[in-house]
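The residues making up each chain are set out below.
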Amino acid sequence: MSKLVIVESPTKARTIRNYLPQDYRVEASMGHVRDLPASADEVPAAYKDKNWANLGVNVEDHFSPLYVVPKTKKKVVKELQSALKNADEVILATDEDREGESISWHLLQLLQPKVPIKRMVFHEITQEAIRHALDNCREIDENLVHAQETRRILDRLVGYTLSPLLWKKIAWGLSAGRVQSVAVRLIVQRERARRAFKTAGYWDLKAELEQSKNPFQAKLATLAGVKLATGSDFDPNTGALLPDKRVVVLDEAQAIALRDRLWGQPWEVINTEEKPSIRKPSPPFTTSTLQQEANRKLGISARDTMRVAQKLYEEGYITYMRTDSVHLSDQAVTAARSCVQQMYGKEYLSPKPKQYTTKSKGAQEAHEAIRPAGTEFRIPNRTGLKERELALYELIWKRTVACQMADAKITQLSVLLKVEDAEFRAGGKRIDFPGYFRAYVEGSDDPDAALENQEVILPPLKVGDRPSCQEINTVGHETQPPARYTEASLVKTLESEGVGRPSTYASIIGTIIDRGYVQMRAKALTPTFTAFAVVSLLESHFPDLVDTGFTSRMEQKLDEIAVGKTQWLPYLQGFFLGESGLENQVKVRQDQIDPAIAKAIELENLAAKVKIGKFGPYIEIPQGEEIITASIPHDLTPADLNPDQVAVLLKQKTEGPDKVGAHPETGEPIFVLIGAYGPYVQLGEATEENKKPKRTSLPKGVKPEDVTLEMAVGLLALPRTLGGHPESGKNIKASLGRFGPYVVHDQGKDGKDYRSLKGEDDVLTITLDRALELLAEPKRGRGSRTPLKQLGLHPEDQEPVNLFKGPYGVYIKHGKVNASLPEGETEETITLEKALPLLAEKAASGKKTSRKKTTTTAKGTKKTSTKKASATGTAKKTTTKRTTTRKKSPSKATNPDQSSEAS
DNA sequence: CAGTGAGCGAGCTTCCGCTTGACTT
């Protein structure tokens, strides 16, 4: 018998195993093990007919939730159950935050252990900390569990009542939620501000001066005693000059006149100022700040940052990467300080060890800040890490070490000069002591601020000096509209408002892109027409829910619930039930909202009306009696749509499409049109008998106006046969596909071998030789790398059975079936004979039902059958039987008498 | 993929947060 310890992550399990006695077995739960049913096919048969089955919460019965084990967690639960059989004690060691406490509670509910149970928490993985935790076990904190459950239920209620309203009023498959809708709204608000922004121009003067042969620069500061306008005097949102600003704004002519008037006049220094200041190092990384900095300094997306960080964590380089805490353990502080001393010397050490305090709203601080792991930090270039992993580790190392370094000491210099009635200012900066600048300077979205650690030298100047003027230049400025959000700046805003959690920042952006609310343009998050429509609806009917303050108010209540100050049930009742509750509010809106209005988007300066249709956005223009409609290409957002483009779309409909010419052989006309998937060429007109004339999209980069007759004929003739393959004799063809131009070697029943064309290739002119060259290159991507070892051919189909190395170990591959090596087998010991039964077993069990998301957005015309679950009645039944289901209201959790109704 | 936009009306979409999975068609 042994003691079973359950933690959340397998990596953590592996580490703490070393610090526990031999008779302790450590397993990982892999996060939550139960949840509300995600969709209809997860609802157990016994609940299918309940009207709340889909919601997963029985609002009428004390908001009792229906919990199921999701398909992906069945395996983990099974393993935990079998581990439990040999245990004489269970120790729940999940994280000490709201979600972690809840995971422990769910494990208890699900496993129903008959042996003693303990709850243990620790914040550091050291021998001492774990021993201490083991000696100080406690009970599960029911209040904290209630707080989590309240959060979970509230999110479900918001998401699953608002989303259906959007389906009815705007478009199929849309979504709304406490977090995503706030994110989308922020992005839409920013775009609105950009649209409303009026660029303003202002001018100033810059003088090139010289004092004792030392050149320096000065900028016009005041004119006749009045301050000259600078960028900060304009409203960043509208671009207009802020009211009540006593400033003078120069236009170009005035600036030139002033320059000419001042030219040749004597200059005099009238004041000098020296202001000492210090800069303090930024706190160590949290998930959010790491994502921001990796994005700014390394150009890595939030998702990739987390992937790389996970790898570093698993390999023991850094501490846990999903955290909202800036706390450093004592050993971390000591390690950082010893790094400073060794690498930079004693004078660079901060006088005292530094601790930072977390400022974000709603932080739960279950973990440390992200830092190099261990009691001694490994020096980045001695780790053997490469590329992104090295870059990210180095970033983390520097930031952590900088935390324990001395402040930087700077002197700001300011010299005021007078010429006629104008005053110029020269600014300088002297770094008296670089301090932590030696290790780390925080990146910034503002390029000017990135110069933080650079000196600006001024010659020694004193009052009464008369420097000579070499040159005066006029400088024009234009106010810039507020920048679109990037991943980094959105995460920053969400975090500071307390919206979303470390584990979700990276996926929030994925969600709103998947739903078709946002497109990524270079680094800028650009909202779509759908986002405009959805945000308008939510703002006018549910303003509270899409306000950033909603989450902070919720968090406040949850905190009260966690300490027992507030009851969870009345809070949910107040939120959902009654006259002003969400349920009724949605019902009322159901009748009030006119879909025609909800689907329409008002954009100023645009005669056309934009509407959200079944297949995406389209424009609508009244033309006399009738209304003309035209699709807007899917990759066009409100930011791109201007009157010119509207005119083109309109013209195509009224005057017919642009004719490129007549086909040289058939004489049929060829047109260029713009549709939802962008510009395309069409042979002949669409008529009753020829409903679908031949059409081909233009290749990327080709503009509709550049299409020649020759090109159009070539495109319409695709796919083009290049000739036979010298070995197989089968045809090689070139064509355009979903992912751009390609060549294909069609080997009949042996499948097709595809290669994408490279940048320099043209699908219309590519030769057979070049195609063969491309086909000879190995396929890109991981699926077709060279195998580690070839085991031989499968006796059934004579297809190769090979060994590959994946990120999770070596696996056997036969066609599409992958099987991992069983315990005890290695690359050397495995043979074809041993591999065959493994593959057969995998093929039998591997009838994956994982539903593939279509890549089309909300409006996508999904062609795949959505009736998978009901189509196989028998399969469904067995699934339901295996589902461990418990309906249990948390209030009953402490009352064992009532839990017998379960299952 | 397909160049539509009305609507017979079955059955479906959708939330947030915790974790790793096994790749790619």
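Computed from a predicted structure; not experimentally measured. (Residues numbered from 1 in each chain as written. Chains lettered and ligands numbered in written order. Predicted model: local features only at pLDDT ≥ 70, side-chain atom pairs only at ≥ 80, totals over all residues. Heavy atoms only, no water.)

## As for the pairing of strand β8 (residues 214-223)
The two faces of a sheet get side chains in turn, since along a regular strand they alternate between them.
Move 1: One ladder, built from six bridges, connects strand β7 (residues 201-211) with β8; its direction is antiparallel. Bridge assignment links Leu209 to a residue of β8, and that residue is Phe216.
Move 2: The turn joining β7 and β8, which pair antiparallel and follow one another in sequence, is formed by two residues; a positive phi near 45° is taken by Ser212.
Move 3: As judged from the four bridges shared by β8 and strand β13 (residues 422-433), these two strands associate in the antiparallel manner. Residue pairing in the sheet places Thr222 in a bridge with Glu423 of β13.
Move 4: In this structure, β8 lies alongside strand β9 (residues 226-228), joined through two bridges in antiparallel fashion. (Pairing = 2+ DSSP bridges. Helix = DSSP H or I, 4+ residues; strand = E, 2+ residues; numbered from the N terminus.)

## Considering the packing of aromatic side chains
Move 1: This structure, assessed with the given rule, holds 11 aromatic pairs.
Move 2: Cluster of aromatic residues (ring-pair linked, three or more members): Tyr344, Tyr348 and Phe433.
Move 3: Over the aromatic face of Tyr440 sits the side chain of Lys297, whose NZ or CZ is 4.0 Å from the ring centroid.
Move 4: The aromatic ring of Tyr348 is capped on one face by Arg438, whose charged end is 5.0 Å from the ring centroid. (Phe/Tyr/Trp six-rings, centres within 6.5 Å; stacked < 30°, edge-to-face > 60°. Lys NZ or Arg CZ within 6 Å of the ring centre and 35° of its normal.)

## Focus on the sheet that holds strand β22 (residues 669-675)
Move 1: Pairing is antiparallel across the open sheet formed by four strands, whose spatial order is β21-β22-β23-β24. The sheet is open, and its two borders are formed by β21 (658-662) and β24 (695-697), each paired with just one other strand. Along the sheet, successive strands turn relative to each other by an average axial angle of 25°, direction set aside.
Move 2: Alignment of β22 against strand β23 (residues 678-683), held across six bridges, turns out to be antiparallel. In the strand pairing of β23, Gly675 is matched with Gly678.
Move 3: Against the sheet, helix α20 (residues 709-716) engages β21, β22, β23 and β24, with an angle of about 85° to β23. (Axes fitted to C-alpha atoms, helices over the stretch in contact; angles between N-to-C directions. Contact = heavy atoms within 4.5 Å.)

## Some details on the nonpolar core
Move 1: Among the nonpolar cores identified, the biggest contains 99 residues, and Phe63, Ile170 and Ile619 are the most heavily contacted of them.
Move 2: If you tally residues by element for this core, the top one is helix α5 (residues 142-169), at 10 residues.
Move 3: Setting aside chain neighbours within four positions, we find Ile170 in contact with Ala533, Val534, Leu537, Ala598, Lys599 and Ile612.
Move 4: With 47 residues, the next largest nonpolar core counts Phe285, Ala302, Cys339 and Ile370 among its residues. (Core = buried A, V, L, I, M, F, W, Y, C linked by side-chain atoms within 4.5 Å. Buried < 20%, exposed > 50% of the residue type's maximum accessible area, 1.4 Å probe, protein only.)

## Quick word on the pattern of salt bridges
Move 1: A full pass over the atoms with the stated rule returns 40 salt bridges.
Move 2: The salt bridge partner of Arg261 is Asp421, with a shortest N-O separation of 3.3 Å. Of this pair, Arg261 sits in helix α7 (residues 252-262) while Asp421 sits in the loop between β12 (408-419) and β13, and the two are 160 residues apart along the sequence.
Move 3: Residue Asp421 is classed as partly exposed on the basis of its relative accessible area, which comes to 30%. (Salt bridge = Lys/Arg side-chain N within 4 Å of Asp/Glu carboxyl O.)

## A few points about the pairing of strand β26 (residues 731-737)
Move 1: Where strand β25 (residues 720-724) meets β26, four bridges bridge the pair, whose relative direction is antiparallel. If you follow Thr721 over to β26, its bridge partner there is Lys733.
Move 2: Here β25 folds back onto β26, and the loop between the two strands holds six residues, one of which, Gly729, carries a positive phi near 75°.
Move 3: As paired strands, β26 and strand β27 (residues 740-746) are joined by six bridges and run antiparallel to one another. Bridging from a neighbouring strand, Gly737 pairs with Gly740 of β27.

## What about the sheet that holds strand β20 (residues 626-631)?
Move 1: Ordered by their spatial adjacency, four strands build an open sheet running β17-β18-β19-β20, and the pairing between neighbours is antiparallel. The strands lining the two open edges of the sheet, one partner per strand, are β17 (600-601) and β20.
Move 2: Across two bridges, the pairing between β17 and strand β18 (residues 609-613) is antiparallel. Directly across from Ala600, in β18, lies its bridge partner Lys611.

## As for the packing of α5 against helix α14 (residues 529-541)
Think of two packed helices as two axes; the pair is described by the angle between the axes and how far apart they sit.
Move 1: Relative to each other, α5 and α14 sit at 120°, their axes nearing to 11 Å. What the angle tells us is that α5 and α14 run oblique. You can see that α5 and α14 cross each other, and the crossing is right-handed. Here α5 contributes Leu162, Leu165, Leu166 and Lys169 to the contact with α14, which in turn contributes Val534, Leu537 and Leu538.
Move 2: Residues that form the contact of α5 with α14 fall into these classes: six nonpolar, no polar and one charged. (Parallel < 35°, antiparallel > 145°, perpendicular 65-115°, else oblique. Left-handed = near helix turned anticlockwise from the far one by under 90°. Nonpolar A, V, L, I, M, F, W, Y, C, P; charged D, E, K, R; others polar.)

## Topic: the side chain of Lys73
Move 1: Looking at the element boundaries, Lys73 is found in the loop between β4 (64-67) and α2 (74-85).
Move 2: We note that Lys73 is buried and unpaired, the nearest opposite charge coming from Asp35 at a distance of 8.3 Å.
Move 3: There is a polar contact of 2.6 Å between the side chain of Lys73 and the backbone oxygen of His32.
Move 4: Apart from the residues lying within four places of it in its own chain, the contact partners of Lys73 are Met30, Gly31, His32 and Val33. (Lys, Arg positive; Asp, Glu negative; His and termini not counted. Polar contact = N/O pair within 3.5 Å; in protein donor to acceptor, adjacent residues only side chain to side chain.)

## A look at helix α12 (residues 487-496)
Move 1: When you tally the buried positions in α12, you get seven out of 10 residues, the bulk of the element.
Move 2: Among all positions of α12, only Glu487, Ala488, Ser489, Leu490, Val491, Leu494 and Glu495 are buried.
Move 3: If you follow the buried residues of α12, they end up packed against α6 (180-196), α8 (287-298), α9 (302-314), α13 (505-514), β15 (518-521) and β16 (524-527).

## Side note on the environment of Thr511
Move 1: For Thr511, the position within the fold is in helix α13.
Move 2: For Thr511, a relative accessible area of 27% corresponds to the partly exposed category.
Move 3: Expressed as a C-alpha distance, the spacing of Thr511 and Ser175, which sit 336 residues apart in the sequence, is 9.5 Å.

## Considering unusual backbone geometry
Move 1: Phi is positive for Met30, which is not a glycine, with a value near 60°.
Move 2: Within the fold, Met30 resides in the loop between β2 (24-28) and β3 (57-58).
Move 3: Using a relative accessible area of 43% as the deciding quantity, one classes Met30 as partly exposed.
Move 4: One non-glycine residue, Ala224, lies in positive phi territory at about 50°.
Move 5: One can find Ala224 in the loop between β8 and β9.

## Thoughts on the confidence of the model for chain A
Move 1: Mean pLDDT over chain A stands at 83; residues scoring 70 or higher make up 85%.
Move 2: The spread of mean pLDDT over the elements of chain A runs between helix α24 (residues 873-882), the lowest at 29, and helix α16 (residues 568-576), the highest at 97.
Move 3: Below a pLDDT of 50 lies the segment residues 845-903, which in the model reaches 73 contacts outside its immediate sequence neighbourhood of four places, other chains included. (pLDDT = per-residue confidence, 0-100.)

## A short note on the packing of α6 against α13
Move 1: Closest axis-to-axis distance for the α6/α13 pair is 10 Å, and the angle between their directions is 75°. By the criterion of interaxial angle, the relationship of α6 to α13 is roughly perpendicular. Mapping the contact onto sequence places Gln180, Ala183, Val184 and Ile187 in α6 and Ile508, Thr511 and Ile512 in α13.
Move 2: For the contact of α6 with α13, a count of residues per class yields five nonpolar, two polar and no charged.

## Topic: the side chain of Asn58
Move 1: Within the secondary structure, Asn58 sits in strand β3.
Move 2: If sequence neighbours within four positions are ignored, Asn58 has contacts with Trp52, Phe63 and Ser64.

## Re the environment of Phe615
Move 1: Tracing the sequence through the fold places Phe615 in the loop between β18 and β19 (616-623).
Move 2: Taking C-alpha positions, Phe615 is 31 Å from Val43, a pair spaced 572 residues apart along the chain.

## Describing α2
Move 1: Helix length check: α2, at 12 residues, gives a terminal C-alpha distance of 17 Å against a target of 16 Å (1.5 Å per residue), a fit within 8%.
Move 2: What α2 keeps buried is the set Val76, Val77, Leu80, Ala83 and Leu84. Projected down its long axis, α2 carries its buried residues within an arc of 125°, all on one side. Exposed positions of α2 whose direction lies more than 90 degrees from the buried face are Lys75, Lys78 and Lys85.
Move 3: Each element contacted by the buried residues of α2 is listed here: β1 (2-7), β2, β5 (87-92) and α3 (98-111). (Expected span 1.5 Å × (residues − 1). Arc of directions from axis to C-beta.)

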